[in-house]
Amino acid sequence: MYVNQLTLTSALGPGLGAMRQALQADQSGLSDTPWPDCDVPCYLGVVDLPAGLSVAPERLSRNNRLVEYALLQDDFVQHVESAVQRYGADRVGVVMGTSTSSIDRTEAAYRAMGDGERFPSEFLQPRTHNPHAPGDYLAQRLGLAGLCMTISAACASSAKIFAAAQRWLLQDLVDAVVVGGADTLCLSVIYGFHSLQLVADEPCRPFSPDRKGISLGEAAGFALLSKEPAELCLRGVGESCDAYHMSSAHPDGLGAKLSMQRALQAAGMSLADIDYVNLHGTGTRANDETEGRVCAELDSASTLFSATKGWTGHALGAAGIVEAVLSMNAILTGLVPGTMNTRCAEAGLPILLESTYRQVDTVLSNSFGFGGNNCSVVFARV
């Protein structure tokens, strides 16, 4: 399966050009500017949405506005339109990943409810107040009539999109698939992770011995997959669910290791064949320790490892597509991002601290989520 086009809008900026400029300038997208009405001390990766950016009233939410903004970058809509012309709208599918969907709009509805205990009419949006909202919006916006699905599997949501798309293409259910992920910040997200004592009051430092927790972020990104040859290909996907704990990974990393092994097996590779691994690397004590141990067991001397959430923040349901794009960008440009904010990494895994240029032909991207949802994806140069 081939990746015919990709785009990403995150705290690093709108589109691939802004992302690459930030990476080259060693400029993180994290800021300590407070979120409105929020008193949690933290650093956030916020996307600056243009004031004039709008969607239809029945679709209004920050998440859908971010989807719209991301679609306008890198001529992505035009590439999808070309696919529709070749295959037909009913042969182009959509797989979208999200964790929070349009919950920001639901928050606003409750704040506006008032004493009458009824939502104001502008908040009566059944196609927005549900987990499928971003996938439904994406299909409607692009005029696609093929299979459409939204995956909500915590932080692995927009990594698992590649597995679903691959299955659809192999089963000849579609000829092309638009895959993507989008999640936006809101009070539920910030206070929710703060209640779990996972949010750091400083920029996250994945794999640092004195790391303090995560920096939350928001993003939307997309890729167009098909059987039409391109410079990049999807070589393998591995999924697992250890279901060990609602919010903690298995302490021995059984699910994480299994997803990596399955992805490598599907690609016909070992870790020694992988040039770069983009680690899930949240900056929390438990996650980094577990992932580091698992990767060390599979380690090869020539593989580069780094975690990129210090650049973008942890975009939750969009983290998978964020890091997939960053990984594929390493193939396209040779720029392997370092582990931003980390100056000394824990022993046991050779973490890349500073960005470097190197020829990269194969990458593996890890996404591990709450509930033991794990997904690893292998991309390669054709």
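Because the structure is a prediction, the values reported are computed rather than measured.

(A) Inspection of the overall build of the protein chain at higher detail. Regarding its fold elements, the protein chain presents eleven helices and 15 strands. Its C-alpha atoms give the protein chain a radius of gyration of 19 Å, near enough to 21 Å, the size a compact globule of 382 residues would have. Oriented by its inertia axes, the alpha-carbon framework of the protein chain measures out at about 60 × 50 × 40 Å. Among the 382 residues that make up the protein chain, the fraction classed as buried is 59%. In the protein chain, 77% of the contacts between residues at least 6 apart in sequence involve partners at least 24 apart. Carbon together with sulfur atoms contributes 51% to the accessible area of the protein chain, which is approximately 14,500 Å² in total. Counting 26 positive and 40 negative side-chain charges, the protein chain places the averaged centre of each group 3 Å from the other.

(B) Layout of the environment of Ala182. With respect to the helices and strands, the residue Ala182 is situated in strand E6 (residues 176-183). Looking at Ala182, the relative accessible area reads 0%, which means it is buried. Spatially, the C-alpha atoms of Ala182 and Gln166 are 20 Å apart, while their sequence positions differ by 16 residues. Contact partners of Ala182, with chain neighbours within four places excluded, come to Asn63, Val67, Met96, Gly97, Thr98, Ala219, Ala220 and Ala318.

(C) Representation of the environment of Ser157 in the model. For Ser157, the position within the fold is in helix H6 (residues 157-170). In this structure, the C-alpha to C-alpha distance between Ser157 and Thr98, residues 59 residues apart in sequence, is 5.8 Å. Residues in contact with Ser157, not counting those within four places in the same chain, are Gly97, Thr98, Ser99, Ile151, Ser152 and Gly317. A polar side-chain atom of Ser157 sits 2.7 Å from the main-chain amide nitrogen of Ala153.

(D) Main features of the packing of aromatic side chains. Scanning all chains against the criterion turns up three aromatic pairs. Between Tyr110 and Phe119, the ring centres sit 5.1 Å apart and the planes meet at 90 degrees, which makes this aromatic pair edge-to-face. Phe119 sits in the partly exposed class, given a relative accessible area of 32%.

(E) Region of interest: the packing of helix H2 (residues 62-71) against helix H5 (residues 133-142). Across the interface, H2 lies against H5 with an axial gap of 10 Å and an inter-helix angle of 40 degrees. It follows that H2 is oblique to H5 by the angle criterion. In this structure, H2 crosses over H5, and the sense of that crossing is right-handed. Facing Asn63, Asn64, Val67, Glu68 and Leu71 of H2, the residues of H5 in contact are Ala133, Pro134, Tyr137, Leu138, Arg141 and Leu142. Within the contact of H2 with H5, the residues separate by chemical class into seven nonpolar, two polar and two charged.

(F) Main features of the pattern of salt bridges. On inspection of all chains with the given rule, the structure shows 22 salt bridges. The partner of Asp136 in a salt bridge is Arg59, with the nearest N and O atoms 2.7 Å apart. On the criterion of sequence distance, the pair formed by Asp136 in helix H5 and Arg59 in the loop between strand E3 (44-45) and H2 is long-range, its members being 77 residues apart. Comparing Asp136 with Arg59, the two get one shared label, buried. One salt bridge connects Glu231 with Arg381, and the closest N-O pair in it is separated by 3.8 Å. Taken together, the positions of Glu231 in the loop between strand E8 (219-226) and strand E9 (232-241) and Arg381 in strand E15 (residues 373-381) put the pair 150 residues apart, joining distant regions of the chain. Judged by its relative accessible area of 46%, Glu231 falls in the partly exposed class. Residues participating in the shared-partner salt-bridge network are Arg211, Arg285, Asp288 and Glu346.

(G) Spotlight on the nonpolar core. Counting residues in each nonpolar core, the largest one holds 52 residues, and the members touching the most others are Phe162, Val179 and Phe379. Ignoring anything within four residues of it in the chain, the contact list for Val179 reads Val95, Ile161, Phe162, Ala165, Gly221, Phe222, Ala223 and Leu225.

(H) Molecular detail of the layout of surface pockets. Roughly 230 Å³ of internal volume is contained in the second largest pocket. No other element matches helix H4 (residues 103-111), which puts five residues into the lining of the second largest pocket. Residue composition of the lining of the second largest pocket, grouped by class: seven nonpolar, one polar and six charged.

Cut-offs applied
Residues numbered from 1 in each chain as written. Predicted model: local features only at pLDDT ≥ 70, side-chain atom pairs only at ≥ 80, totals over all residues. Heavy atoms only, no water. Helix = DSSP H or I, 4+ residues; strand = E, 2+ residues; numbered from the N terminus. Rg over C-alpha atoms; globule rule 2.2 N^0.38 Å. Buried < 20%, exposed > 50% of the residue type's maximum accessible area, 1.4 Å probe, protein only. Contact = heavy atoms within 4.5 Å. Areas by Shrake-Rupley, 256 points an atom, 1.4 Å probe, with all protein chains shown as cover. Lys, Arg positive; Asp, Glu negative; His and termini not counted. Charge placed at Lys NZ, Arg CZ, Asp CG, Glu CD. Polar contact = N/O pair within 3.5 Å; in protein donor to acceptor, adjacent residues only side chain to side chain. Phe/Tyr/Trp six-rings, centres within 6.5 Å; stacked < 30°, edge-to-face > 60°. Axes fitted to C-alpha atoms, helices over the stretch in contact; angles between N-to-C directions. Parallel < 35°, antiparallel > 145°, perpendicular 65-115°, else oblique. Left-handed = near helix turned anticlockwise from the far one by under 90°. Nonpolar A, V, L, I, M, F, W, Y, C, P; charged D, E, K, R; others polar. Salt bridge = Lys/Arg side-chain N within 4 Å of Asp/Glu carboxyl O. Core = buried A, V, L, I, M, F, W, Y, C linked by side-chain atoms within 4.5 Å. 1 Å grid on protein atoms, 1.4 Å probe; cavity = no way out; pocket = protein on both sides within 12 Å on 5 of 7 lines; lining within 4 Å. Points joined across faces, edges and corners; volume = space filled by probe spheres on them.

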